[in-house]
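Working through the structure, step by step
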Amino acid sequence: VDLTFNRATGVQEAHQVFAPWLSNTVRLYTGVPAIEVEYTVGPIPFEDGLGKEIVSIWNTDINSQKVFYTDSNGRDMMKRVMNFRPTWQLNITDPVSGNYYPVDSSIYINDASARQLTVVTDRSQGGSSLFDGEIELMVHRRLLHDDDRGVGEPLNETGVSGLGLVITGTHRVMFSNLTAAPAVHRSQTEHVTFPSTVQFTPLKGSMSNFIANHKTAVSGAKTELPENVHLVTAMDNSYYGAQGTLILRLAHLFEAGEDPVLSQPATVDLDQIFAHISLTSCTEMSATANQKLSDVHRYKWPISSTPEPSPPGDSGTAMRVTMYPMQLRTWLCSYIRH
């Protein structure tokens with residue numbers, strides 16, 4: 001491995017080159033409770049006639065006892081047990097693929113000594129914990145034979161260059177105790193999934209002159225949202241619906257019991273969110289915003305277990321709302337500009 005180190009204000013990094021087509025950059029940022037790993041893979045060579053699956057493996061002494069957790073669409077964390085399914089008898093014919101699960105945003109392992117290893121991904125990947133204390137994520141692959149799963153062709157994408165795809169992605173890795181882990185990993189998931197958008201403009205004249213003649217800081221927020229609430233959508237709906245309307249969607253970031261503070265309900269004043277507009281009315285809608293929530297009548301499936309109670313609701317037109325753990329709520333709001 002070719003290894004080089006760099007250090008600058010606020011960041012230290014180690015650059016690892018394993019092969020001309022495979023490298024890692026590991027970064028430590030001041031004040032960030034996570035290790036950032038940026039990997040670049042490809043084009044994967046195949047001149048030896050062999051397909052390849054490239055995985056990133058984190059190995060620890062955590063006694064995970066064949067249990068790991070993966071997210072469900074970036075929301076709830078689902079318990080996974082090696083070679084087991086909770087609702088039917090599993091016959092494992094492939095111990096690797098049979099224990100792989102989709103990882104949309106995060107995967108973790110922990111043990112009885114209250115240690116946890118969490119990896120946050122910047123894209124959907126397959127992941128598992130095939131051995132105690134390990135997390136494995138597949139970051140790239142190139143196969144030369146069809147897997148007989150219905151596609152009818154090998155997974156051998158050559159890309160624009162014709163040489164094969166090059167993938168660059170990011171993992172954020174956190175070691176923490178069980179109490180602190182949810183707050184850290186939910187926060188890092190937000191940073192990775194919704195990164196800042198950096199924009200540039202040509203500089204004419206001096207920096208001091210530019211600052212004196214331009215507004216260099218602006219915020220669309222009137223007040224700060226609670227730490228456990230995420231603004232998912234704020235989309236002007238005038239093109240599809242009535243003029244002066246927008247679709248507003250909020251999500252509670254934590255599961256019930258996940259964190260002693262951040263798993264608590266959070267109250268939000270909808271008309272205090274935005275600085276440049278005033279919301280005059282809001283009607284709660286279905287998640288897809290195509291009908292009023294009060295008009296939604298879902299089929300009630302017969303089940304053998306006792307269902308979890310639904311959280312108490314607000315008035316369908318309330319402007320002060322309470323978000324409960326893992327809730328995602330949508331409103332159609334009317335607004336006026338300031």
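What comes next concerns the included structure. (Residues numbered from 1 in each chain as written. Predicted model: local features only at pLDDT ≥ 70, side-chain atom pairs only at ≥ 80, totals over all residues. Heavy atoms only, no water.)

1. Focus on the sheet that holds strand β8 (residues 101–103)
Reading across the sheet, the four strands line up as β5-β12-β11-β8 and stay open at both edges, with antiparallel pairing between neighbours. Each edge of the open sheet is held by one strand with a lone partner, namely β5 (52–59) and β8. The average undirected angle you get between the axes of adjacent strands in this sheet is 40°. Strand direction decides the pairing type here: strand β11 (residues 125–128) and strand β12 (residues 134–142), joined by three bridges, are antiparallel. When the bridges of β12 are listed, Gly 127 appears paired with Leu 137. (Pairing = 2+ DSSP bridges. Helix = DSSP H or I, 4+ residues; strand = E, 2+ residues; numbered from the N terminus. Axes fitted to C-alpha atoms, helices over the stretch in contact; angles between N-to-C directions.)

2. Regarding the pattern of salt bridges
Enumeration over the complete set of coordinates arrives at 13 salt bridges. The closest approach of N and O atoms between Lys 52 and Asp 48, which form a salt bridge, is 3.0 Å. On the basis of relative accessibility, which here comes to 18%, the residue Lys 52 falls in the buried class. Of the charged contacts, one joins Glu 255 and Arg 186 as a salt bridge, the two residues approaching to 3.2 Å between their closest N and O atoms. Taken together, the positions of Glu 255 in the loop between β15 (245–252) and β16 (266–269) and Arg 186 in helix α1 (residues 181–193) put the pair 69 residues apart, joining distant regions of the chain. The pair formed by Glu 255 and Arg 186 is uniform in burial state, with each residue classed as buried. Through salt bridges with shared partners, one network takes in Glu 13, Arg 27, Glu 36, Glu 38 and Arg 172. (Salt bridge = Lys/Arg side-chain N within 4 Å of Asp/Glu carboxyl O. Buried < 20%, exposed > 50% of the residue type's maximum accessible area, 1.4 Å probe, protein only.)

3. Looking at the pairing of strand β2 (residues 11–19)
Across seven bridges, strand β1 (residues 2–8) lies against β2 in antiparallel orientation. Across the sheet, Asn 6 pairs through a bridge with Glu 13, a residue of β2. Linking β1 back to β2 in an antiparallel pair, the connection comprises two residues, with Gly 10 at a positive phi of about 90°. Looking at chain direction, β2 and strand β3 (residues 22–29) are connected through eight bridges and run antiparallel. Across the sheet, residue Ala 14 finds its bridge partner in β3, namely Val 26.

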